[in-house]
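Breakdown of the fold
Given next are the chains, with one letter for each unit.
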Amino acid sequence: MSDDQASFQHHPLTLLLEQTYKARDLITRAYERNGSDLSDDEMAKSEPLISAHFLRRDGNSNGIRVNQRLQKVFDGALRKNRIAAINTNLGEELNVAELSMLGLQEAERHGKGDLASQYREDVEGSLLAIYDILDDGSATIFRQVSAGFGLQENRDLKKRENEHYLRQLNSLINSFDEVRTALQDEPFTSDPDIQAFITNFELHCLQVVARISDIQNTIKDYLYRIRTLEKRARQIRAVGNQLRKDPGFYPTNTANLAQDWTYCRRIVPIKAKGYPEIHQFSSAGVYADLVNELSQKLAVESPEKDLKPSKLLSREQETVTKERRDDEMVIQQLLAECIKTSQPVSAREFWPRVLKTGETIRWSTLGFLYAVSQYLAQDPLPPNGRRPTSHHVKSAYRTIGEHHLSGTHDLLDILVYPARMSLDEALSAAGVPKSVFRIDQSQPA
Amino acid sequence: MSTLHSETYKKALLSLIQGNVICRWSDPSGAEILERQETRERINHWSGELDMELAQTTSENGWFLVYRSIDPHTRSVARDLFSGIMKELRFYVRMLELFMNTQHRDASMSPGETMRLSNLMQAMDESPDLRAQLADLPTSRKTSVVKDQVEALIGKLKREGVIVESNAKHSIFTFTAKIDLIQDIIIFIQENEHIPIQEAEDDAQAELKYER
C-alpha cells in the first residue's frame, strides 16, 4: 500500500463514508421518510450522521430525514420520478428538407452550382438530423427500460412509465414511416445524389428501427406480464370474496376436473411397502408358487444346540448359595436344639456348652444374648426352610430393672421354646419361677 | 465429472421424487442443472418408466414431477391432492390477499419477489385492516401479539417451501415457484366455478395487450 493510500485510509471523509455505509439502511429509511419512530439504539446510531448534517431530526418524534441538499443529490443519482421524454416529431426536419430540396431544384434550374451544392448539404443535414432524432430517442428509452438502476420501484408507476415510453416509440415509428413515404416522392426523387444518400440513410435508419422494435417488444412483454398478474390478482380476490359470501363454498366442478390441472397430477412421496399385495386376483397364483418355493427352500433342520442346565430350581426363584456366618451357625444350633427336643432352651445356659468358632470365641454371654435377640427380630428363613423362624420357635426375655425409677432393664436370659407351646408351659418346663423374674415377650429396647 | 452423476443431480432427483418443486430460489444448484436439456432428458427418461415427466410452473420458474397419463390411479392421486389443497384453501386465499394488500394491491405475487419482515411489520403497525386480516389467519392465535402472528405465518410458509429466507441478517424472504402453484389452483377454481371477477377500472390501455 502506498503512503497516499495509507493516509486516505484515515482521512475524515473515509471515516464518514464508512459510517454512512454502516448506517445505509437507516439513510434509506430517512430518504424514503420511513424513519419515523426509531428505536433508541437506531437513534444512537444516527447521531454521528446528524452531527455531520447528513441526516436531520424530523419533528418531535424519533424520526429522521435526509438533508435536503443530499436528498437532491440522491434524487439525481437515482433519476427518481424522472421520465425520459423524446422528440417524436420528425415532420419539422422533413419540412426543412423539402424546402431545401425545392431550393436545390431552383438553383439547378438557374445553373447556380454553388448554391445547389449548398442546398444539397442542407438536405443531407436535415436527413441526418432525422436519423439523430431516431437514434437518440431509441437509445434514451432503451437505457430507461433495460437498466434496472434508477427505475421506479413502485409497480404501478413503473407500468405507467413503460406505457408512456411505448406511446412515444409508436409515435416515433409512425413519424418515421411518414418520412419514408415522403422520401419516395417528389421533390426528393429529382436528384440522383440525394436519392443515393436517401438509400444509405434508410439502411442506417432501419437498423435503428429494428432496435426500436426490440424495445417495443420488451415493453409489451413487461406490460403483458403486469396485466397477467393484475388479472390473476382479481381472480384470487374473486375467490376470496366468494369464500366470505359463502363460508360453505366447495368447488364441485373443479374437484371433478382436478386431474386436468397439472399440479394435481403432481406425484406425492412414494411410500415403500414391506409386504406384497396379495389381494390382487391376478397375483394370487404367483404368490402361492412363491410361498411353496420358499417353504421348500427354508425347510432345513436346524443344528442342535447344547443347552446349559437351568439355574432355576423353582419357577419363581433362583437358588442363591450363601455361606453361613459363624454367629448364625451358633444361633441356629440353639434353635435346632429347641426344635429337636421340643423343649424350651435357655440361651444363657446354652452358650457355655456350645462349640464356638471364629469370631464367636471372643463373645461374652451377654453378647450372645444380644445376637440371638437381633436374629429373632429379623425373623429369617431357617436353612432349607420355607417358613420364617417365628413359625417354628418363640422367645421370652428375662430381664430385671436396674432401678425402679430408671425405666431400663438388664437382659438376663432369652428363653427359646417351640411355637406350639404356650408361654406358661414353656416357663413350667424350663423351671423358671414367675414370681422371681420379670418376663417380657417383647424385644428389649 | 458429468453433472448426471454429481451429488447435486442425485439431490435434485430425490427432491423431485419426493414431490418438491425446484426453482432457483428454493434450490439454486438443482435449478441450474435442470436448465440443461441433457439433465431434463435424463430425468424424463428415468421417470418415464414410472409414467412420470417433468412439468413447469406457470411462470416457468419451477420444475416438478407429474404423472404422464390419466388413469384411475392418477385420478385418485388428483382427488387426494385436491382434497388436501381444499383444506388449506381459505388460508392460502387470505394469506395471498394479505400479502397483496401489503406489497401491491393490483397484482398477484410472483416467484422471486422479496418481502422484508420490517416492511411487513411496519405495514401492520400502520393499518388496523391489515392487522385484522392477519389475526383472521388460522396461523394466528387471537391472544398473541402482531409480531408473534407474523412470525407464525412466516414459519408456516417456510415449512411449506412457499418462501425461503434469502437474507437472515435483515430478515428478507423470497417467494419460491410454489407460490405460482398455489395461485394457479385458486385461479383454476375461479375459472371452473365461473366466479365473477371485478374488471380493472382503468382499461384504456387494453389495446396494448401483447398477443403471444
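Located above this text is the structure these notes cover.
Computed from a predicted model, the values in this text were never measured in an experiment.

**Quick word on the interface of chain B and chain A**
Counting from both sides, the interface comprises 63 residues of chain B and, opposite them, 52 residues of chain A. Here chain B and chain A share an interface that buries about 5,600 Å² over both sides, 63% of which is from carbon and sulfur atoms. Along the contact surface separating chain B from chain A lie 3 salt bridges. Linking E97(B) and R244(A) is a salt bridge whose minimum nitrogen-to-oxygen distance equals 2.9 Å. The interface formed by chain B and chain A holds 9 residue pairs in polar contact (both at pLDDT 80 or more) in total. With 15 residues, the top contributor of residues to the side of chain B that touches chain A is helix α4 (residues 72–103) of chain B.

**Here we look at the sheet that holds strand β6 (residues 172–175) of chain B**
Residues and elements named next belong to chain B. Taking strand neighbours across the sheet as the criterion, the 3 strands line up as β4-β6-β5 in an open arrangement whose pairing is antiparallel. Two strands close off the open sheet at either side, each with one partner strand: β4 (114–116) and β5 (163–167). Sheet twist, expressed as the mean angle between neighbouring strand axes with direction ignored, is 35°. Relative to β6, β5 runs antiparallel, the two being bridged by 4 bridges. Residue pairing in the sheet places I163 in a bridge with F175 of β6. Against the sheet, helix α5 (residues 117–126) engages β4 and β6, with an angle of about 60° to β4. Across the sheet, helix α7 (residues 146–159) lies against β4, β5 and β6, angled at about 105° from β5, the strand it touches most.

**Some words on helix α14 (residues 365–378) of chain A**
Residue and element names in this part refer to chain A. Here α14 contains 14 residues, and its C-alpha end-to-end distance of 20 Å stays within 8% of the 20 Å for a straight helix at 1.5 Å per residue. All of the buried residues in α14 are F368, L369, A371, V372, S373, Y375 and L376. Phi turns positive, to about 50°, at D379, one or two residues after α14.

About the thresholds
- Residues numbered from 1 in each chain as written.
- Chains lettered and ligands numbered in written order.
- Predicted model: local features only at pLDDT ≥ 70, side-chain atom pairs only at ≥ 80, totals over all residues.
- Heavy atoms only, no water.
- Contact = heavy atoms within 4.5 Å.
- Buried area = accessible area lost by both parts, 1.4 Å probe.
- Salt bridge = Lys/Arg side-chain N within 4 Å of Asp/Glu carboxyl O.
- Polar contact = N/O pair within 3.5 Å; in protein donor to acceptor, adjacent residues only side chain to side chain.
- Helix = DSSP H or I, 4+ residues; strand = E, 2+ residues; numbered from the N terminus.
- Pairing = 2+ DSSP bridges.
- Axes fitted to C-alpha atoms, helices over the stretch in contact; angles between N-to-C directions.
- Expected span 1.5 Å × (residues − 1).
- Buried < 20%, exposed > 50% of the residue type's maximum accessible area, 1.4 Å probe, protein only.

Coordinates in, geometry out; function isn't part of it.
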